[in-house]
Protein chains: 4
Amino acid sequence: MNFEHSQKTQDYISRVKAFMREHVEPVEGLIYREMQEMNPDGNWRNWKLHPLLTEFKQQAKSEGLWNLFLPDAELGKGLTTLEYAPLAEEMGRMLFAPEIFNCNAPDTGNMEVLYHFGNEQQKQQWLTPLLAGEIRSVFGMTEPDVASSDATNMQATIEEDGDHVVVNGKKWWSTGLGHPNAKFTIFMGLSNPGNDRHNRHAMVIVPLDSEGLEIKRMLTAYGDYDAPYGHGEMHLSNVRVPKENLIMGMGKGFAIAQGRLGPGRIHHCMRTIGLAEKALELAIHRGLQREAFGKPIIKLGGNGERIAQARIAIDQARLLTLNAAWKIDNVGVKAAMTEISAIKVAVPRMAQDVVDMAIQIHGGAGMCEDFPLAHFAAGVRALRLADGPDEVHMGMVTRLEMKKYMSR
Amino acid sequence: MNFEHSQKTQDYISRVKAFMREHVEPVEGLIYREMQEMNPDGNWRNWKLHPLLTEFKQQAKSEGLWNLFLPDAELGKGLTTLEYAPLAEEMGRMLFAPEIFNCNAPDTGNMEVLYHFGNEQQKQQWLTPLLAGEIRSVFGMTEPDVASSDATNMQATIEEDGDHVVVNGKKWWSTGLGHPNAKFTIFMGLSNPGNDRHNRHAMVIVPLDSEGLEIKRMLTAYGDYDAPYGHGEMHLSNVRVPKENLIMGMGKGFAIAQGRLGPGRIHHCMRTIGLAEKALELAIHRGLQREAFGKPIIKLGGNGERIAQARIAIDQARLLTLNAAWKIDNVGVKAAMTEISAIKVAVPRMAQDVVDMAIQIHGGAGMCEDFPLAHFAAGVRALRLADGPDEVHMGMVTRLEMKKYMSR
Amino acid sequence: MNFEHSQKTQDYISRVKAFMREHVEPVEGLIYREMQEMNPDGNWRNWKLHPLLTEFKQQAKSEGLWNLFLPDAELGKGLTTLEYAPLAEEMGRMLFAPEIFNCNAPDTGNMEVLYHFGNEQQKQQWLTPLLAGEIRSVFGMTEPDVASSDATNMQATIEEDGDHVVVNGKKWWSTGLGHPNAKFTIFMGLSNPGNDRHNRHAMVIVPLDSEGLEIKRMLTAYGDYDAPYGHGEMHLSNVRVPKENLIMGMGKGFAIAQGRLGPGRIHHCMRTIGLAEKALELAIHRGLQREAFGKPIIKLGGNGERIAQARIAIDQARLLTLNAAWKIDNVGVKAAMTEISAIKVAVPRMAQDVVDMAIQIHGGAGMCEDFPLAHFAAGVRALRLADGPDEVHMGMVTRLEMKKYMSR
Amino acid sequence: MNFEHSQKTQDYISRVKAFMREHVEPVEGLIYREMQEMNPDGNWRNWKLHPLLTEFKQQAKSEGLWNLFLPDAELGKGLTTLEYAPLAEEMGRMLFAPEIFNCNAPDTGNMEVLYHFGNEQQKQQWLTPLLAGEIRSVFGMTEPDVASSDATNMQATIEEDGDHVVVNGKKWWSTGLGHPNAKFTIFMGLSNPGNDRHNRHAMVIVPLDSEGLEIKRMLTAYGDYDAPYGHGEMHLSNVRVPKENLIMGMGKGFAIAQGRLGPGRIHHCMRTIGLAEKALELAIHRGLQREAFGKPIIKLGGNGERIAQARIAIDQARLLTLNAAWKIDNVGVKAAMTEISAIKVAVPRMAQDVVDMAIQIHGGAGMCEDFPLAHFAAGVRALRLADGPDEVHMGMVTRLEMKKYMSR
């Protein structure tokens with residue numbers, strides 16, 4: 001366990017921090033507000049990315065702060081999972097910051113999939129523009145009609161038909177589906193029902209303008225459309241795409257999903273830790289600023305203790321995540337399953353508590369659009385369900401613990 | 001402590017339940033959905049009440065299920081706080097149900113104020129149409145620029161000027177300000193700065209169309225506008241109203257606020273208990289319905305225990321609230337201060353936990369508009385701040401506990 | 001739900017309070033200390049009841065404060081479960097107080113069993129001296145070698161052999177087994193293995209001096225022998241007792257256990273609430289008395305909030321228990337299963353938290369014998385296991401909740 | 001942050017583990033049981049160290065597994081705080097194991113004090129036999145009559161009188177005072193009342209057989225004497241010791257205390273983590289072994305989730321502690337104050353929860369002497385008070401957090 005930041009990492013941390021401080025922070029409040037005004041409701045067809053974000057993307061790209069998540073030294077910056085982790089934390093401090101650096105979900109995960117498992121044609125057609133930040137993408141996994149925390153429940157199908165595959169099924173909570181630049185989804189479905197459960201599914205690239213693909217609506221998460229990204233519901237009815245769109249082939253979906261798993265979890269968690277740090281910072285600021293009963297409110301009752309508990313909880317969560325990142329890099333995803341599941345359970349809960357505390361200290365202001373805290377609350381709450389509910393991941397940790405003793 | 005429902009109460013419970021079951025429940029989902037569609041964004045000037053609600057109001061009024069909250073036997077139904085409590089619980093199961101019975105906040109509180117403290121002219125002009133359900137009203141207390149949990153921080157002013165009073169100040173989280181029928185606000189401000197802290201404030205009736213009163217915006221609570229009610233911010237700049245609009249006179253604000261306190265707290269808490277029951281009901285339904293890993297999800301991991309804990313927590317909260325109601329009726333608000341503060345602390349927290357659990361069992365569906373749970377989450381979270389943050393009320397309980405031993 | 005104390009109850013409350021205040025409280029510390037000195041270790045054969053307790057027993061008996069738990073108007077005082085509840089709370093404030101009034105577990109439960117289900121000879125031989133406070137008794141249920149939360153695991157056997165029954169098996173956590181006056185145990189065992197699970201067990205009276213009955217040891221609960229009561233382990237090997245010692249007959253054990261269940265649960269919980277009140281009282285006293293950093297420690301950090309939370313939690317627990325008592329009296333144990341299970345879960349946890357808080361405020365003094373708090377901690381912790389672990393009772397609540405929806 | 005175990009550390013870990021596995025684990029239960037039998041009550045004058053421990057001490061010394069805590073390469077093994085940390089964790093798995101390796105509190109802290117701040121004569125007379133494991137020692141800090149979490153409350157005094165100092169005062173919770181080999185205490189008292197608060201106290205070596213030093217009693221922590229170590233109360237009345245016994249001189253007590261602080265905190269916390277690991281191990285074992293309702297109890301209800309939560313909590317606590325150790329080694333105690341306070345808050349609470357869970361899974365067996373869990377519970381509970389209550393350390397974290405923003 002060596003979490004020491006390499007010189008390279010330290011350099012990137014300074015540069016990302018400087019970029020945020022100089023360019024983004026001065027307009028943080030403005031962007032939050034105008035994004036809301038630009039995208040006032042659920043009519044995603046009208047959703048727009050804030051022009052400043054488009055501008056910042058260019059700038060970040062030109063400064064070399066681009067695709068930092070990708071381990072490849074040419075296409076990305078050659079950073080390990082552990083090296084990238086503190087950069088994800090920095091970006092997590094604002095909900096819209098990750099896209100500035102082309103490091104937002106689910107595009108990062110999709111780029112990783114195409115990078116590791118895509119064929120040349122797929123890379124050229126879809127990975128290249130994603131890496132350039134020109135298009136956005138979607139990942140279709142969760143389904144509305146079944147408890148999809150159990151993958152064997154999945155109802156969507158991918159069937160071969162000559163040179164094509166035929167895709168059917170409903171997906172929801174497909175993040176990014178409302179983005180004005182979204183062009184395709186990676187879609188997971190049952191391809192080989194007769195195989196064992198690890199070789200039964202496939203992933204296929206489906207352009208969003210395919211015939212038979214209908215975007216039904218954008219979902220709210222606690223009233224939040226998360227525009228202009230959005231979490232959408234799409235129904236695919238006999239959508240035909242060329243067989244070349246299959247990633248790795250029929251029955252390979254599970255293997256790809258496993259490969260996508262580890263680093264993505266780290267990214268999510270580190271961003272969440274950045275978000276919690278920002279919430280704590282806001283709480284201390286507000287607590288020092290506002291007075292009641294003759295004192296700054298941070299000194300009233302249990303408020304001070306709650307600040308301390310937040311600091312301790314954030315630090316523990318960060319160390320747990322860095323440790324998971326280190327294990328992914330050094331012993332691989334398979335040997336790090338306890339750690340990867342553990343952070344999925346621990347980090348969003350920690351953040352939910354910290355954000356809730358920050359809101360309480362802000363009073364009414366914390367709930368409304370004057371601060372990003374209510375958005376934070378929606379975001380971190382959703383993380384306790386996204387990518388499988390906490391309970392499923394606790395189950396994984398339990399099984400691995402029991403195994404230690406049963407094999408004895 | 002006798003919480004036995006009187007025959008009269010039992011009769012009203014059956015009638016309210018029957019009304020809900022026959023008329024409202026069949027269109028519950030429809031109303032939630034269409035209310036959202038009718039009022040898609042923050043442009044409150046366009047907000048509309050769902051026509052079915054207007055219809056239900058007529059029906060409830062004609063069936064005598066109207067103004068049940070008001071202890072007066074003629075204007076209301078002569079129910080005590082304790083007798084009304086279970087009716088409030090029934091209404092709390094849907095966010096829009098209280099208005100159907102003319103029992104929604106803040107109109108109930110405002111009607112009580114006018115009933116107890118208003119003069120004849122005020123009653124005629126404002127109380128009568130409120131009781132008829134023809135107009136709605138607002139209560140202006142919380143301020144954006146100070147920690148208003150400490151009443152001595154209040155910056156709004158009410159000054160005499162000949163036959164008028166001049167009102168200045170900013171208020172926010174003024175519930176109902178966006179309602180299409182909202183006509184006036186009761187506004188609290190500093191009137192007699194030289195007096196002791198219990199005789200320093202006044203309350204005055206200010207029509208919303210007064211010159212100098214500007215509605216700046218509706219606030220979101222966790223992204224939720226709570227349309228068509230809304231929580232608004234209003235700025236009053238040299239608003240002149242006739243002196244007759246003062247309730248009880250200069251310096252009487254605190255006394256009125258105290259009078260408004262107890263029963264309103266019971267109403268809020270009982271509605272919240274109804275909401276929690278509804279959330280638990282939804283959780284059990286979903287948990288029995290959806291399957292994963294070969295079982296209904298209610299039987300997986302700790303889900304069953306969470307159901308039990310919710311049941312236990314709700315029952316404790318209800319008994320605590322009924323006990324507070326009983327004390328208000330039997331020994332008065334002053335002698336029930338521990339109880340009235342205790343429910344303010346305990347009930348919203350309980351509901352926050354129960355709703356969060358219900359959402360978790362629903363998975364993604366729980367967060368989105370397919371269920372009212374995310375609205376519930378926003379509502380109960382707001383209750384931990386509305387009417388003073390939890391911490392202020394814990395402080396009251398602590399002081400009263402210490403007093404028992406110090407006076408010995 | 002009518003928890004109003006009857007005039008009779010109020011009278012008894014005053015008298016028990018007066019008795020405690022005048023006689024017992026002045027020597028409370030002395031008795032705790034000397035009981036510890038008299039019974040310094042686990043050699044239960046030397047254990048002695050403090051002579052003051054013997055004296056107080058006489059006094060309480062002569063004042064008519066005796067057998068208050070027993071609903072029978074002649075043998076007891078004709079109090080309902082609800083009427084007795086506040087008296088149990090008063091007695092719960094000191095660990096040794098219940099015996100003063102002949103109201104201590106497990107004798108109360110055993111007296112109830114003999115009263116309701118015993119034959120004339122059993123009543124004469126065992127119930128009469130118990131009611132007189134001359135002897136003490138034991139209840140043998142839990143077993144060391146199996147998870148006895150599942151009654152079907154029970155290994156002890158009761159077999160007919162002519163005019164006798166032959167009893168075999170091990171029991172532990174048999175409370176009162178170390179008491180100098182303990183004379184017999186009610187012993188539960190498998191009697192009719194072929195019957196359905198509700199008619200498979202029997203209960204039999206076994207004198208402690210029976211041949212083949214060996215008391216192996218007294219167990220510590222968190223280092224506490226709870227002398228001179230004790231929680232013992234006894235092994236029975238071919239113990240023969242006359243058939244007349246069977247209570248109600250072979251196969252009737254479950255029915256008797258059910259009958260014993262409800263009121264005993266109320267007694268335990270109300271005593272626990274009294275204990276929690278005492279702990280809170282001690283915490284506030286200490287918090288007001290000791291100073292640090294220039295303030296009474298009750299005013300430091302979150303201490304005040306913790307006092308408030310304890311008050312709120314105790315009040316909720318009491319109301320929940322009174323409600324369960326009321327239901328037992330008015331609709332019967334069967335219809336009150338949710339309530340009876342709920343208090344078993346909620347009350348000991350509440351008390352565990354309150355006592356832990358009180359200890360923390362006392363600092364080191366709270367952990368040692370200068371205050372009864374560490375004994376309280378051991379006692380309430382044990383209650384989360386005694387009479388079945390929390391989890392089993394949560395399971396009962398869950399099943400009953402689910403049933404509401406499945407039967408629809 | 002580099003927590004990688006050095007080759008040297010890994011070697012020591014294997015050797016300590018092997019020693020424990022081969023020598024100590026086979027007699028673990030025996031020693032716990034016989035220690036209890038040898039030291040049945042509070043008569044500390046009769047307390048004995050188990051002879052096997054004396055034997056193991058010789059063996060560990062001869063194998064070079066001795067004084068591992070001491071950074072000095074000759075007197076100890078030259079291990080840094082971080083390098084020693086995992087060894088402390090191993091030792092923490094049994095309550096009596098640390099002394100085997102001469103690494104038990106408070107001797108480790110006292111040895112560090114003498115090593116860093118003692119003069120030659122003090123080292124020769126007291127440090128040498130401590131390092132040899134021949135004598136034991138005591139630290140006198142906490143006082144019975146004041147809230148000693150606030151050092152300015154300290155009432156004990158150390159006054160110069162010619163060639164002597166005169167020591168007066170009461171101390172309690174002086175760990176190790178009952179040990180048969182205990183020979184002296186380091187005693188802290190007010191020496192220079194006129195100085196500023198950081199230069200007001202002194203530490204002096206007081207032999208336990210000094211005239212005027214009376215050991216009043218051993219205290220129980222939750223009924224546990226922790227024999228043969230003991231936590232004692234001693235009263236010093238005009239005890240005279242030569243001036244040479246002053247450590248560093250009058251007014252230097254605070255500086256010494258600060259120096260003693262950091263590494264000792266790491267030791268405590270790592271031992272506590274070892275204890276929590278042992279508790280979790282026992283819980284899983286028991287949970288797999290015992291069956292109820294047709295399943296191993298680990299699979300019932302929320303038990304599995306609790307196992308997962310314990311794993312996650314322990315791992316977070318360990319990382320937090322290793323990080324604090326690393327900071328102490330690399331940036332010094334002063335710059336690590338947040339971390340050193342954070343582990344004091346987080347680790348004992350974590351362990352309290354894990355041990356409580358383990359006991360619950362064990363049922364009655366968990367509370368009694370058949371498992372070390374009740375001793376564990378007492379030990380970890382005491383840690384929330386020892387060395388200052390949690391609340392004081394949260395206060396430190398809060399102040400340091402606020403400082404970040406106030407200095408801006």
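Fair warning: this is a prediction, and the values are worked out from it, not measured in the lab. (Residues numbered from 1 in each chain as written. Chains lettered and ligands numbered in written order. Predicted model: local features only at pLDDT ≥ 70, side-chain atom pairs only at ≥ 80, totals over all residues.)

Caption draft 1: Expanded view of the overall build of chain A. Scanning chain A from terminus to terminus reveals 13 helices and 9 strands. The C-alpha radius of gyration of chain A comes to 21 Å, within 12% of the 22 Å expected for a compact globule of 408 residues. Structurally, chain A occupies a C-alpha span of about 75 × 60 × 45 Å along its principal axes. Relative to its 408 residues, chain A shows a buried fraction of 60%. When contacts within chain A are restricted to residue pairs at least 6 apart in sequence, those whose partners lie at least 24 apart make up 72%. (Helix = DSSP H or I, 4+ residues; strand = E, 2+ residues; numbered from the N terminus. Rg over C-alpha atoms; globule rule 2.2 N^0.38 Å. Buried ≥ 20, exposed ≤ 12 C-beta atoms within 10 Å, placed from the backbone. Contact = placed C-beta atoms within 7 Å.)

Caption draft 2: Spatial organisation of the relation of the copies chain D and chain C. Mapping chain D onto chain C calls for a rotation angle of 180 degrees and an axial translation of 0.0 Å; the resulting RMSD is 0.0 Å. Within this description, the copies of the chain are treated as partners about a two-fold rotation axis. Of every C-alpha in chain D, the one belonging to D:Gly223 sits nearest the axis of rotation, 2.5 Å from it. Taken as a fraction of all interface residues of chain D, those also at the interface in chain C reach 100%, which identifies the copy contact as same-surface. (Least-squares fit on C-alpha atoms with pLDDT ≥ 70 in both.)

Caption draft 3: Structural context of the interface of chain B and chain D. Taken together, the contact pairs 4 residues of chain B with 4 residues of chain D. Residues belonging to the side of chain B that touches chain D are distributed by class as follows: no nonpolar, 3 polar and 1 charged. (Nonpolar A, V, L, I, M, F, W, Y, C, P; charged D, E, K, R; others polar.)

Caption draft 4: Spotlight on the interface of chain D and chain C. Taken together, the contact between chain D and chain C spans 39 residues of the former and 39 residues of the latter. Secondary structure elements with two or more residues in the side of chain D that touches chain C: strand S3 (164-175), strand S8 (291-292), helix H11 (364-367), helix H12 (373-383) and helix H13 (390-406) of chain D. With 4 residues, H12(D) is the largest single contributor of residues to the side of chain D that touches chain C. Looking at the side of chain D that touches chain C residue by residue, the classes come out as 20 nonpolar, 11 polar and 8 charged.

Caption draft 5: Spatial organisation of the relation of the copies chain B and chain D. Mapping chain B onto chain D leaves a residual RMSD of 0.0 Å; the transformation is a rotation of 180 degrees accompanied by 0.0 Å of translation along its axis. Most of the interface of chain B is mirrored in chain D, where 100% of its interface residues are also at the interface.

Caption draft 6: Representation of the domain arrangement of chain A in the model. Residues and elements named next belong to chain A. With domains assigned, chain A is organised as domain 1 (7-131), domain 2 (137-253) and domain 3 (258-406). Using only C-alpha atoms to locate each centre, domain 2 and domain 3 end up separated by 29 Å. Between domain 2 and domain 3, the residue contacts involve 5 residues of the former and 8 residues of the latter. Looking at side-chain class alone, the side of domain 2 that touches domain 3 contains 3 nonpolar, 1 polar and 1 charged residues. (Domains from an automatic or database assignment.)

Caption draft 7: Layout of the UniProt feature "domain: Acyl-CoA dehydrogenase/oxidase C-terminal" (unreviewed entry) in chain A. Under the UniProt annotation, the feature "domain: Acyl-CoA dehydrogenase/oxidase C-terminal" (unreviewed entry) is placed at residues 251-399 of chain A. With 79% helix and 3% strand, residues 251-399 of chain A has its two end C-alpha atoms placed 26 Å apart. (UniProt positions renumbered as here; feature names shortened; annotations may be inferred.)

Caption draft 8: Representation of the pairing of strand S5 (residues 201-207) of chain A in the model. Residues and elements named next belong to chain A. With 6 of its 7 residues buried, S5 lies for the most part within the structure. Bridge analysis of strand S4 (residues 182-190) against S5 gives 7 bridges, and the strand direction is antiparallel. By the bridge assignment, leucine 190 is partnered in S5 with histidine 201. (Pairing = 2+ DSSP bridges.)

Caption draft 9: Highlighting the UniProt feature "domain: Acyl-CoA dehydrogenase/oxidase N-terminal" (unreviewed entry) in chain A. The sites that carry the UniProt feature "domain: Acyl-CoA dehydrogenase/oxidase N-terminal" (unreviewed entry) are, in the present numbering, residues 13-134 of chain A. Taken as a whole, residues 13-134 of chain A contains 60% helix and 0% strand, while its terminal C-alpha atoms sit 25 Å from one another.

Caption draft 10: Layout of the packing of helix H4 (residues 81-91) of chain D against helix H8 (residues 253-289) of chain D. Residue and element names in this part refer to chain D. Where H4 meets H8, the closest approach of the two axes is 7 Å, and the angle between their N-to-C directions is 35 degrees. For the crossing formed where H4 meets H8, the hand is right-handed. Side by side, H4 and H8 meet where Thr81, Ala85, Ala88, Glu89, Glu90 and Met91 of the first sit next to Pro263, Ile266, His267, Met270, Arg271, Ile273 and Gly274 of the second. Of the residues assigned to the contact of H4 with H8, the class counts are 7 nonpolar, 3 polar and 3 charged. (Axes fitted to C-alpha atoms, helices over the stretch in contact; angles between N-to-C directions. Left-handed = near helix turned anticlockwise from the far one by under 90°.)

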